[in-house]
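# Working through the structure, step by step
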Amino acid sequence: MSYGCLLWLSVMAVNFNVEILTVLFRQVRDIFKAGKIPSMCGIEGGHQIGGSLRALRMFHMLGARYMTLTHNGGPGWGDPAVELDGSWCNEAPLGGLNDFGCAVVKEMNRVGMVVDISHVHEVTMAKALDVTRAPVMFSHSSTRALCGHPRDVPDEILCRLKENGGVCMIVFLSKFVAGEFWVSGGKVGATVIEVADHVDHCVKIAGIDHVGIGGDYDGGQLFARGLEDVSKYPVLICELLKRGYTEEQLGKLLGLNVIRVLEDCERVSRELKAAGELASEEHWGPEVYVTNMEKEKALLQAEDNAGKSKTSENGNEELPGSVN
């Protein structure tokens, strides 16, 4: 997500009656009641903050309300599930998150941004859950038990969502649903049936309160058959109805669960700020970010040194009429 993307979303909001830059998560329900569709801006990939928590806070001020910790290849402070070329990452050399990665999670908790752990290595999933004080989100992932792709979530992580309060949103991309295989006519092998299977499995392991839908239509390709575009959501809903899901349960899957996570993150932010937790000035990478306090301290020190130097020079000056 860039500044240009945020501007484009603002234009879309004006032209399509979509409330984009929602300031508070608790406004979401009111926006729905007003006949508009709220949509949260997000940052897909922590590399976009450039190793600066100040940049993270600036994105939050501009309206970004969640960030995916890594994308393909990773930001250097968090281990991703796959490399830039799409190859699988078998190792997690950083142990999931390094010290700065942990600081990112904590600062996101403090400002009220949702920690998104789709795209990350399973070791990073576990580390983020260890560090966070707020619920997490898998914005677009499926279950590892049904599809052995590293982008999908292992059962042991799904189990931890119950305690954390987070949500796993099932993705429609075929390779994360049923692997990379095709049927006659060059069509992908995955179908809406397998997507519903992932929903079932996630509900079984994590519970109905911790599952959502995250199609990934904004940038993905090759979706499960029957779910080729946003007009096909009713196909999945019909399949889930056939499987016995109630209207209340479908409401949770289609948005209420993730709204709860968003609201909980905002609540945690208020609690942390009320407890006196201050903004972190941690940084990562080759550029050294100097805080205003550090600049002021250096300036005062320089002025003090200059004063001492002048006093020393004056002390060595010869008095008029003095004899050597």
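The sections below set out a description of the structure shown in this document. Counting from 1, residues in each chain are numbered in the order their sequence is written. Totals for whole chains, interfaces and linings use every residue, but because this is a predicted model, local features are given only for residues with pLDDT of at least 70 and side-chain atom pairs only at 80 or more, for both listing and counting. The basis for the side-chain values is all heavy atoms of the structure; hydrogens and waters are excluded.

## Section: the overall build of the protein
Counting its regular elements, the protein contains 11 helices and 8 strands. Long-range contacts, defined as pairs at least 24 residues apart, comprise 68% of the intrachain contacts of the protein with a sequence gap of at least 6. Note on areas: Shrake-Rupley with a 1.4 Å probe; residue coverage comes only from the protein chains shown. Roughly 16400 Å² of accessible area belongs to the protein as shown, and the carbon and sulfur atoms make up 56% of that amount. A run of H or I in DSSP becomes a helix once it reaches four residues, and a run of E becomes a strand once it reaches two; helices and strands are each numbered from the N terminus. In what follows, residue pairs with any heavy atoms lying within 4.5 Å of each other are defined as contacts.

## Re a nonpolar patch on the surface
There is a patch of nonpolar side chains on the surface, built from Met58, Met61 and Leu62 and spanning about 300 Å² of accessible area. Structurally, Met61 can be placed in helix H3 (residues 53-62). The classification of residues rests on relative accessible area computed with a 1.4 Å probe and restricted to protein chains. Under 20% of the type maximum is buried, over 50% is exposed, and intermediate values are partly exposed. A relative accessible area of 66% means that Met61 is categorised as exposed. By definition, no residue in a patch forms a salt bridge, and every one has over 30% relative accessible area; like charges are joined within 9 Å, nonpolar side chains (Val, Leu, Ile, Met, Phe, Trp, Tyr) within 5 Å. A carboxyl oxygen of Asp or Glu within 4 Å of a side-chain nitrogen of Lys or Arg is what we treat as a salt bridge.

## Remarks on the pairing of strand E3 (residues 41-44)
A strand pair is defined by DSSP finding two or more bridges across the two strands. Where E3 lies against strand E4 (residues 64-68), 4 bridges are found, and the strand directions are parallel. Looking at E4, one finds that Ile43 is bridged to Met67.

## Details of the environment of Glu282
Relative to the assigned elements, Glu282 resides in the loop between helix H10 (247-274) and helix H11 (292-315). It is 9.9 Å that separates the C-alpha atoms of Glu282 and Gly101, two residues lying 181 residues apart in sequence. When neighbours within four sequence positions are excluded, Glu282 is seen to be in contact with Gly51, Leu53, Phe100 and Ala103.

## A look at the sheet that holds strand E6 (residues 136-138)
The parallel open sheet is built from 6 strands, whose spatial order is E3-E4-E5-E6-E7-E8. Only two strands of the sheet have a single partner each, and these edge strands are E3 and strand E8 (211-213). Pairs of neighbouring strands in the sheet enclose a mean axial angle of 25°, with direction left out of account. Here helix H4 (residues 99-111) sits on the sheet and contacts E4 and strand E5 (114-116); the angle it forms with E5, its principal contact strand, is near 145°. With axes taken as lines fitted to C-alpha atoms, and helix axes fitted only over the stretch in contact, angles between N-to-C directions fall between 0 and 180 degrees.

## Section: the pattern of salt bridges
In a structure, side chains of opposite charge can pair up when their charged atoms sit close to one another. A full pass over the atoms with the stated rule returns 18 salt bridges. Across the salt bridge formed by Glu122 and Arg144, the nearest N and O atoms sit 3.1 Å from each other. Highlighted residues: Glu122 in helix H5 (residues 122-131) and Arg144 in the loop between E6 and helix H6 (155-164), separated in sequence by 22 residues. For Asp130, the salt bridge is made with Arg160, and the minimal N-O distance between the two is 2.8 Å. Of this pair, Asp130 sits in helix H5 while Arg160 sits in helix H6; the two residues are 30 residues apart in sequence, bridging distant segments of the chain. Judged by its relative accessible area of 52%, Asp130 falls in the exposed class. Overall, Arg160 belongs to the partly exposed group, its relative accessible area being 30%.

## Some details on the packing of aromatic side chains
Classification of ring pairs uses Phe, Tyr and Trp, with its six-membered ring standing for Trp, and accepts pairs whose centres are within 6.5 Å; under 30 degrees between planes counts as stacked, over 60 as edge-to-face, and the remaining range as tilted. A complete count under the given rule lists 5 aromatic pairs for this structure. Ring centres of Trp77 and Phe100 lie 5.8 Å apart, and the angle between their planes is 75°; this geometry places the pair in the edge-to-face category. Residue Trp77 is found in the loop between E4 and H4, and its partner Phe100 is found in helix H4; the two are separated by 23 residues along the sequence. Take Phe100: its relative accessible area is 4%, and that puts it in the buried class. Through a chain of ring-to-ring contacts, three or more aromatic side chains come together here, namely Phe172, Tyr217, Phe223 and Tyr233.

## Regarding unusual backbone geometry
Positive phi values are uncommon outside glycine, yet His119 reaches one of about 75°. Note that His119 resides in the loop between E5 and H5. Overall, His119 belongs to the buried group, its relative accessible area being 6%. Of note in the backbone geometry, Leu222 takes a positive phi value of approximately 60° without being a glycine.

## Overview of the side chain of Arg57
Examined against the element boundaries, Arg57 turns out to sit in helix H3. For this analysis, a polar contact is any N or O atom pair within 3.5 Å, provided that within protein one partner can donate a hydrogen and the other can accept it, and provided that sequence-adjacent residues contribute only side-chain to side-chain pairs. Looking at Arg57, its side chain comes within polar contact range of the side chain of Glu107, at 2.8 Å. When residues no more than four places from it in sequence are discounted, the contact partners of Arg57 are Glu107, Arg110, Val111, Ala279, Ser280 and Glu281.

## Things to note about the nonpolar core
Here, the term nonpolar core denotes a set of buried Ala, Val, Leu, Ile, Met, Phe, Trp, Tyr and Cys residues that are joined through side-chain atoms within 4.5 Å. Ranked by internal contacts, the top residues of the largest apolar core, which has 59 residues, are Met67, Leu69, Val104, Ile117, Leu236 and Leu253. Top contributing element to this core by residue count: helix H8 (residues 192-206), with 8 residues. Those residues within four positions of Val104 in sequence are excluded, and the remaining contacts are Ile49, Leu53, Leu56, Met67, Leu69 and Trp77. Ranked by size, the runner-up nonpolar core spans 15 residues in total, among them Met40, Met137, Met169 and Val268.

## A look at the layout of surface pockets
Quantified by volume, the second largest pocket comes out at close to 480 Å³. Looking at the second largest pocket, it is lined by 26 residues, and the ones nearest its centre are Asn72, Leu173, Lys175, Phe176 and Gly220. The element best represented in the lining of the second largest pocket is helix H7 (residues 174-177), accounting for 3 residues. Classifying every residue of the lining of the second largest pocket gives 8 nonpolar, 12 polar and 6 charged. Method remark: on a 1 Å grid restricted to protein atoms, a set of points is classed as a cavity if a 1.4 Å probe fits but cannot get out and as a pocket if it is open with protein on both sides within 12 Å along at least five of seven lines; lining residues have an atom within 4 Å of a point. Grid points are joined across faces, edges and corners, and a volume is the space filled by probe spheres set on the points. Ten residues, namely Ala, Val, Leu, Ile, Met, Phe, Trp, Tyr, Cys and Pro, are considered nonpolar, four, namely Asp, Glu, Lys and Arg, are considered charged, and the remaining ones, Gly among them, are considered polar.

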